[in-house]
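# Inside the fold
Each chain, written out:
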Amino acid sequence: MLLELHNIFKWVTQGGKRIFLLSDINLQVEEGEFISIMGPSGSGKSTLLNVIGMLDGFQEGEYNFLGESVHAMKEKNRSKLYKEYIGFVFQAYHLIDELTVYENIETPLLYKNIKSSERKALVADMLDRFNIVGKKDLFPSQLSGGQQQLVGVARALIAKPKLILADEPTGNLNSKQSEEIMQLFKELNQEGVTIIQATHSETNAAYGSRVLHLLDGRRDHK
Amino acid sequence: MIRNYFKIALRNLWKDRTFTALNVIGLTAAFGVAFLLSMYALFELSFDQFHKNVDSIYQVYTTEQIPKGVELSEANPIPFAGALRDEVPGVHKITRYVTGGPLITYKDKTLRVGSAWADPEFFEIFSFPVLEGNTNNPIERSTVALTEDTAKLIFGNENPIGKLISIKRDGEVVPVTVAAILKNLPEASSLRFGAIFNFMDLPNSFYKDKKDRWDAHNHPVYMQLAAGTSIESFEKATRPFSTLHFADEIATAKRDGAKPNAEGQFRQIHLLPFGNVSFTNFDTAELIVNKSLQYVILGIALLILFIASVNFINMSIAKGAQRLREIGMRKTLGAGKAQLFFQFWGESVLVFVISVALGALLSFSMLDMFQTLFRTNASFGLIVSPVLIFGAVVSLLLITFIAGGYPAVLMSKLGTLKALKGKLEVSGRNRVRNVLIVVQFGIAILLISGTLVLRGQLDYMRNKDLGFNKEQVIAFPLSSKKDHAQLMQLMRDELSGHPNIISMSASDNILGLGRDGSSSTSVMGFDYKGREVSTNLLFVDYDYPETLDITLVKGRSFDRRYASDSLSIVINESMAREFGEKDPLSIRFTLDDSIQYAVIGVVKDFNFQTMDKSIEPISFFMNSDKPLYQAYVKVAPGNLTQSYDIVKTAWNKIEPDAEFLGSFLDENIDRTLQKERMMTTMISSASILAILLSCIGLFAISLLVVSQRQKEIGIRKVVGASVSTITILLTKDFLKLVGIAFLITTPVAWYTTSQWLQNYVYRMDLTIWVFLAAGAIALVIAVLTISFRTIQAALKNPVESLKTE
Ligand SMILES: Nc1ncnc2c1ncn2[C@@H]1O[C@H](COP(=O)(O)OP(=O)(O)OP(=O)(O)O)[C@@H](O)[C@H]1O
Ligand SMILES: [Mg+2]
C-alpha cells in the first residue's frame, strides 16, 4: 500500500458558512497504479492532488503515506517525505524562468544534497532519455509548450520518486504533444512508478488503470 | 548549491537591471557618504586618545563663585602647579603649558612658529616621542625641541641637533639650542606646536615678573593623577590649598556678595579628563563637554544608510511579488525555508557587497574634496584600528542582515500553494512599505528643515548689523620685527592723503577672526564704589570708533588735542549699565591703587564677540605703551578691491619681509562662523542626498506599482477614464504618505531646531513657514518623481497594456 485516505474533509469558512472543497474522500492507492481523477471544473481535482501531494492540509480525516500518518506530522517531516517520494507535474509547466533546461532538471537534486558528479550523471541520463540533450542550455522561454512539459516531467522524475502527481499535464498542449506525454507516463508506470493525474480528457483518462470521479468534492460512484 | 544560488542571483539581478542599478547607485552613494561622515566624526571623537596615559591625565580648572554666579577658569598663576604638587597628595606629574607664536631666526631666515612652553614633565605625561637628540629631557633651559616638519622648514636638509637659533624675547635676541627632534604631532592632537621651549624661558613679563604672584592667571595646567587617587578625593583635598593661596580673591568675592557653592567653598579646583578637552567650552558658567556635533554627524550617516536600506527592502518586497511562482516551484521541488532564505538573502548580500565596495571607492575618491570642504585633516588612515574594522564589519553585516534578511524571511515564509497561485496578501506588505516610506520622507523633511534653519541663522548672523562697519574696514595684524607704534606711523604716513583711505586706527585685539587665525579676550575686574565690576579690555589708538563707525552716544572719543586722554576711557552702553551711574561721564575710578581714570564717552553696544554671546561690557583704553597688534583702515565705499591693493602695496613697501595678512572685517566675521558653515554644508549635503535617495526609492516603487496595475489602468481607460484621473489615482496614495510624514516630522523638526537656536543669543525668528517650505519641497520632488512614470502609464494605449497581460 502506497497511500491511504480515510474520510478526508476539507473546507473553507466563508461568511460564517463552511464550504466543503472535499468531503468524505476515501482512497487507497497501491504501488504501481495509474489513477486518473476526472470531474467537472471546480469539482476539487486540484485540491485533492494538493492534499495527496502534501502541499495543502485538510481539516478532518486520516492520511497515511507508506505507513506514516501524514496528518499527525510536522511540516518539516512532511516536506522531507514529499521531497523523497513525490514528483509534481503541473499544467502550467512551472519551470524556473531564470534557469536553463539543465539547471531546472538539476534543482531537485540540489535540495537533496546529492554530490556534483552524481548529479551530472543523473541529469545526463534524463536528458538522454527525453531526447533533449541539444536543448540543455536553453531557457524555458526558448522552448515550445510540449518541450517545456517534457522538461517538467524530466524534473519530476530526476529524484526517482515513487509517486508522480500530474495536474492536467497536457492542458496546454495540442493532441499530438498530449499523446507523447501520456505515452511517456505509461512507460514510466510500466517501470513501476505510481501515477495520479487529474484530467478532463477521456482519452487521457483511458491510459490509467482506474478512474476516480469527483463531483462537488465528493467521490461520484454512479 | 552555492554556485547555483550565485548563478541565479546574478541572472536575477541582471534581468532586473533597472532595479539592481537603482539599488546599487543608492546604496553606493549612501555607503560612500556614510563612510566619510563616520570617518570624520570618529576622527574628531578620537582626539587626544593617542596619549598612553590619557585615562589618568587631567586639565586643572577652577570654579569661582562671583556675585553674578559661577565662573570657570582654566588659567592659573605661575606658582600654582609647583605648589599643588607639593601641598596636595595625588599629583603624580604636573606641567604648566602656554602657547604663542615667536619669530625664530636661523641665519638669514626668519619665520613665525606656533610654539609652546612647558615644564619638562610634559614629555612624561603626554606621548610625544623624541626621535633624535636629548630623549631624557628635550626642553632643558635655553633649548628647544622641534617637530620634524618645523625642523625641515627651518633647516632644510641640515642636521638641526645642536644648532643655534635665535628668538626675540624682552626686546633682546636670545640664542637657543635645538636639543631634540619630535615626531610630528598626530592630527588628532589638541595640543599643537611646531616648537616647544622650557616654561622658564618665557618672556619676563609672562614668567619672571609673576613668578611669585598668585593673582596673575595666565596659563593652563595639566597633570597626571597618582594611581589609586580618585578625582573626587583629589578635588576635595585641594580645598585647604585654595583657601590658603587665594585668600584675597575669596575675601573680595565674599565682600561683593558672592554665595559659596553647595560645599561651602568660594573656589574649587576641578579635574577635567584630558580626553574631553577638545569638546569643552570654558566660556560658560558650567563646564560643558559637548560631543553632540560628532554624534549628530554619526546620526546623519546612519539616517542616510537607513534611507538607502529602506529603498532596498521596499524594492525587494515589491519585486518578490514577481517571483512567487519561483518560490512555490522550489518548494514543491523540496526547498526548505532555510534554503529559500539563504537564496534570497544571498542575492541581497551580493548587492550589498558590490555597493559597499563601490561606496568605499567613492569615499576614497571624494576624500580630498571632503577634506577641503570641511577643513579637516581627517582621513581613513588616521582612524583605522582593529576594533574599528571589526565594528565596521559587524555593522555592515548587520545592515545586510536586516535589509536583505527581512524580504528574504517574508518570501521564504510564504505557503507553497499560495506562492504557486501567485497570491499575496497585499495589504500587510503594503503597510510595512508605507510605514517605511513615511519614515524615509520624515527623515528627508527633518533634514530639509534643519538645512533651512541653519541657512537662515547663518544668513542672519552674516547680515546682522553688528554695530560697526564691517564692509568698508580692512583689518590686518601688525606682525613684524618693527615696533608696532613705529610701523603704524609709517603706514599712516604712507596712506594719508589717499582719496580711497578714509581713516585708520589700531587696537590690541581683533574683531572676528583674522587671516592669521588669532583672537583673544582680555577681561579685568576692579573695585568701583565698594563692589567689583568687570569689563572686557581693549587698548585702542586714536580714531577707533570713527574708523569702525561705532556710534558715539554720549561725550567724546579720544582726541589728540587732550594730552590727558591716556587716563581717559570710552565705554560701551553695557559698561555704563555695569557702573550704574545716571551720568556715565561723571564716572571716575582708580586702577592699580593710584591711577585715576575718567570716562569721557559712551559708544553704542556693538557685537565684539560671537553671536552666541550677549554684548558684554567693554572699555577702551588709550595707553601709548601698550603694543597694538591689529590695524584697521576704513576705505571709501566704491572699489573695495582697489583700496585693498593700496593698503597691501603700502605694507609691502614698509615691511617687504612679512606677508600682508589683511582682510575685510566681514570676512573676519565669516571666519568665526566656520562651525556653522560647516554644519550647514554637512546637513545640506545630507538632506540633498536623503531626498535623492528617497526619490530613487519612490521612483522604483512607482515603476513596480504601475507595472502591477497595468491591466487595471488599461481597463479603466477603455471604460473612459482620462489621463489626469488615472495619474491622480496612481499618485495620490504616495502623496498621502508624504503628507503623513510631514505631519509627524514637523513637531520634531521644530523642537530640535528651536533647541539648537537657543545656543545663540542673536537668532532668527523660527516660523511655521520654514517647515511648510520643507514639506512643500519634499512634496514637489515626490510628485515629480512619481509622475514621471504614472503619466507615462496613463498615456499608454490601453490596448497595448491589456495585450501584455
Ligand atoms: N481558498 C479557497 N477558498 C474558497 N474556495 C476555494 C479555495 N480553493 C479552492 N476553492 C474552491 O474549491 C473548488 C475546487 O477547486 P479545484 O481547483 O480543486 O477544482 P478543479 O476540479 O481542479 O477544477 P478545474 O478543472 O477547473 O481545474 C472550487 O469551487 C474552488 O472555487
Ligand atoms: Mg484544477
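Residues numbered from 1 in each chain as written. Chains lettered and ligands numbered in written order. Predicted model: local features only at pLDDT ≥ 70, side-chain atom pairs only at ≥ 80, totals over all residues. Heavy atoms only, no water.

### Here we look at the packing of helix 21 (residues 674-708) of chain B against helix 23 (residues 723-757) of chain B
All names here are of chain B.
- Running from amino to carboxyl end, helix 21 crosses helix 23 at an angle of 160 degrees, the nearest separation of the two axes being 12 Å. Put simply, helix 21 runs roughly antiparallel to helix 23. Between helix 21 and helix 23 the crossing geometry is right-handed. Contact residues: Met-679, Leu-698, Ile-701, Val-705 and Val-706 in helix 21; Leu-730, Phe-734 and Trp-756 in helix 23. (Axes fitted to C-alpha atoms, helices over the stretch in contact; angles between N-to-C directions. Helix = DSSP H or I, 4+ residues; strand = E, 2+ residues; numbered from the N terminus. Parallel < 35°, antiparallel > 145°, perpendicular 65-115°, else oblique. Left-handed = near helix turned anticlockwise from the far one by under 90°. Contact = heavy atoms within 4.5 Å.)

### Brief notes about the packing of helix 3 (residues 101-111) of chain A against helix 4 (residues 116-129) of chain A
All names here are of chain A.
- Following both chains from N to C, one finds helix 3 and helix 4 inclined at 130 degrees, their axes separated by 10 Å at the closest point. The angle between helix 3 and helix 4 falls in the class oblique. The crossing of helix 3 and helix 4 is right-handed. Contacts from Val-101, Tyr-102, Ile-105, Glu-106, Leu-109 and Leu-110 of helix 3 reach helix 4 at Arg-119, Lys-120, Leu-122, Val-123, Met-126 and Leu-127.

### Some details on the interface of chain B and chain A
- Each partner contributes to the interface: chain B provides 22 residues, whereas chain A provides 23 residues.
- Between chain B and chain A, roughly 2100 Å² of surface is buried when both sides are summed, and carbon and sulfur atoms account for 59% of that area.
- The largest per-residue losses of area from chain B upon contact with chain A belong to Arg-11, Leu-333 and Leu-417 of chain B, which jointly make up 27% of the total buried on that side.
- Seen at the junction of chain B and chain A, the total is one salt bridge.
- A salt bridge links Arg-11 of chain B to Glu-103 of chain A, with the shortest nitrogen-to-oxygen separation between them at 2.7 Å.
- Joining chain B to chain A, the criterion identifies two residue pairs in polar contact (both at pLDDT 80 or more).
- For the side of chain B that touches chain A, the secondary-structure elements that each account for two or more residues are helix 1 (2-15), helix 10 (324-332), helix 11 (337-373) and helix 14 (416-421) of chain B. (Buried area = accessible area lost by both parts, 1.4 Å probe. Salt bridge = Lys/Arg side-chain N within 4 Å of Asp/Glu carboxyl O. Polar contact = N/O pair within 3.5 Å; in protein donor to acceptor, adjacent residues only side chain to side chain.)

### Some points on the UniProt feature "domain: MacB-like periplasmic core" (unreviewed entry) in chain B
- If you check UniProt for "domain: MacB-like periplasmic core" (unreviewed entry), the listed places come out as residues 20-239 and 527-640 of chain B in our numbering.
- Strand forms 38% of residues 527-640 of chain B and helix 11%; the C-alpha atoms that close the span are 45 Å apart. (UniProt positions renumbered as here; feature names shortened; annotations may be inferred.)

### With respect to the site of ligand 1
All names here are of chain A.
- Taken together, 13 residues sit near ligand 1, with Ser-41, Gly-42, Lys-45, Ser-46 and Thr-47 positioned nearest.
- The separation between an oxygen atom of ligand 1 and a polar main-chain atom of Gly-44 is 2.9 Å.
- One of the side-chain N or O atoms of Glu-168 is found 3.4 Å from an oxygen atom in ligand 1.
- When the free accessible area of ligand 1 is taken as 640 Å², the share hidden by the protein chains comes to 62%.
- Going through the elements one at a time, strand 1 (3-14) and helix 1 (45-52) are the ones with two or more residues in the shell around ligand 1.
- For the shell around ligand 1, the class distribution of residues is three nonpolar, eight polar and two charged. (Near = heavy atom within 4 Å. Areas by Shrake-Rupley, 256 points an atom, 1.4 Å probe, with all protein chains shown as cover. Nonpolar A, V, L, I, M, F, W, Y, C, P; charged D, E, K, R; others polar.)

### A few points about the pattern of salt bridges
Residue and element names in this part refer to chain B.
- Per the counting criterion, the structure on display carries 30 salt bridges over all chains.
- Here Glu-124 and Lys-93 are joined by a salt bridge, their closest N and O atoms 3.4 Å apart. Here the residue Glu-124 occupies a position in helix 4 (residues 122-125), and Lys-93 occupies one in strand 4 (residues 91-100), the gap between them amounting to 31 residues.
- A salt bridge links Arg-671 to Glu-667; the nearest nitrogen and oxygen atoms lie 4.0 Å apart.

### What about the UniProt feature "transmembrane region" (unreviewed entry) in chain B?
All names here are of chain B.
- Using the residue numbers shown here, the UniProt feature "transmembrane region" (unreviewed entry) corresponds to residues 21-43, 295-317, 338-367, 387-411, 432-454, 682-706, 718-746 and 766-788.
- Span residues 387-411 is 100% helix and 0% strand, its end C-alpha atoms 35 Å apart.
- The distance from the first to the last C-alpha atom of residues 432-454 is 33 Å, and the span holds 100% helix and 0% strand.

### Here we look at the side chain of Asn-314 of chain B
Residue and element names in this part refer to chain B.
- Relative to the assigned elements, Asn-314 resides in helix 9 (residues 292-320).
- You can call Asn-314 buried: its relative accessible area is 3%.
- Contacts of Asn-314, omitting those with residues within four sequence positions, involve Arg-433, Leu-436, Ile-437 and Ile-701. (Buried < 20%, exposed > 50% of the residue type's maximum accessible area, 1.4 Å probe, protein only.)

### Quick word on helix 13 (residues 386-413) of chain B
Residues and elements named next belong to chain B.
- Compared with an ideal rise of 1.5 Å per residue, which puts 28 residues at 40 Å, helix 13 spans 38 Å between its outermost C-alpha atoms and is within 8% of the ideal.
- The principal kink in helix 13, of about 35 degrees, is found at Gly-405, preceding the proline Pro-407 by one to four residues.
- Taken together, the buried positions of helix 13 are occupied by Ile-399, Thr-400, Ala-403, Gly-404, Gly-405, Pro-407, Ala-408, Leu-410, Met-411 and Ser-412. (Expected span 1.5 Å × (residues − 1). Bend = angle between axes of the 7 residues up to and from the residue.)

### Observations regarding the confidence of the model for chain B
- In this model, chain B carries an average pLDDT of 85, and 96% of its residues clear a pLDDT of 70 or more.
- We note a pTM of 0.75 for the whole complex and an ipTM of 0.77 for its interfaces. (pLDDT = per-residue confidence, 0-100.)

### Re the domain arrangement of chain B
Residues and elements named next belong to chain B.
- Per the domain assignment, the segments making up chain B are domain 1 (2-43 + 292-460 + 675-803), domain 2 (54-279) and domain 3 (480-660).
- Look at where the C-alpha atoms of domain 1 and domain 3 centre, and you get two points 56 Å apart.
- Summing both sides of the interface, domain 1 and domain 3 together bury roughly 420 Å²; the carbon and sulfur share of this comes to 62%.
- The largest per-residue losses of area from domain 1 upon contact with domain 3 belong to Tyr-760, Val-761 and Tyr-762, which jointly make up 83% of the total buried on that side.
- Applying the counting criterion to the domain 1 and domain 3 interface returns zero salt bridges.
- The interface formed by domain 1 and domain 3 includes one residue pair in polar contact (both at pLDDT 80 or more). (Domains from an automatic or database assignment.)

### Things to note about the sheet that holds strand 1 of chain A
Residue and element names in this part refer to chain A.
- Taken in spatial order, the four strands make up an open sheet running 2-1-4-5, and their pairing is antiparallel. This sheet does not close on itself; its edge strands, each paired only once, are strand 2 (17-29) and strand 5 (68-69).
- Here nine bridges tie strand 1 to strand 2, and the two strands are oriented antiparallel to one another. Across the sheet, the residue bridging to Val-12 is Ile-19, located in strand 2.
- Strand contacts of helix 1: strand 1, strand 2 and strand 4 (60-65), with the helix running at about 60 degrees to strand 2, the strand carrying the most contacts. (Pairing = 2+ DSSP bridges.)

### Here's the deal with unusual backbone geometry
- The phi angle at Leu-66 of chain A is positive, at roughly 50 degrees, despite the residue not being glycine.
- Topologically, Leu-66 of chain A is positioned in the loop between strand 4 and strand 5.
- Of note in the backbone geometry, Lys-529 of chain B takes a positive phi value of approximately 45 degrees without being a glycine.
- As for its position among the elements, Lys-529 of chain B is in the loop between strand 20 (523-528) and strand 21 (531-539).

### Some details on the environment of Asp-465 of chain B
Residue and element names in this part refer to chain B.
- Looking at the secondary structure, you find Asp-465 in the loop between helix 15 (426-463) and strand 18 (473-477).
- Here the alpha-carbon distance between Asp-465 and Asn-607, two residues 142 residues apart in the chain, equals 8.8 Å.
- Among the polar contacts made by the side chain of Asp-465, one reaches the main-chain amide nitrogen of Gly-467 at a distance of 3.0 Å.

### A look at the side chain of Gln-65 of chain B
All names here are of chain B.
- Along the chain, Gln-65 turns up in strand 1 (residues 57-66).
- Among the polar contacts made by the side chain of Gln-65, one reaches the main-chain carbonyl oxygen of Lys-259 at a distance of 2.9 Å.
- Other than its neighbours up to four places away in sequence, Gln-65 contacts Val-70, Ala-253, Ala-258, Lys-259, Pro-260, Asn-261, Gln-265 and Phe-266.

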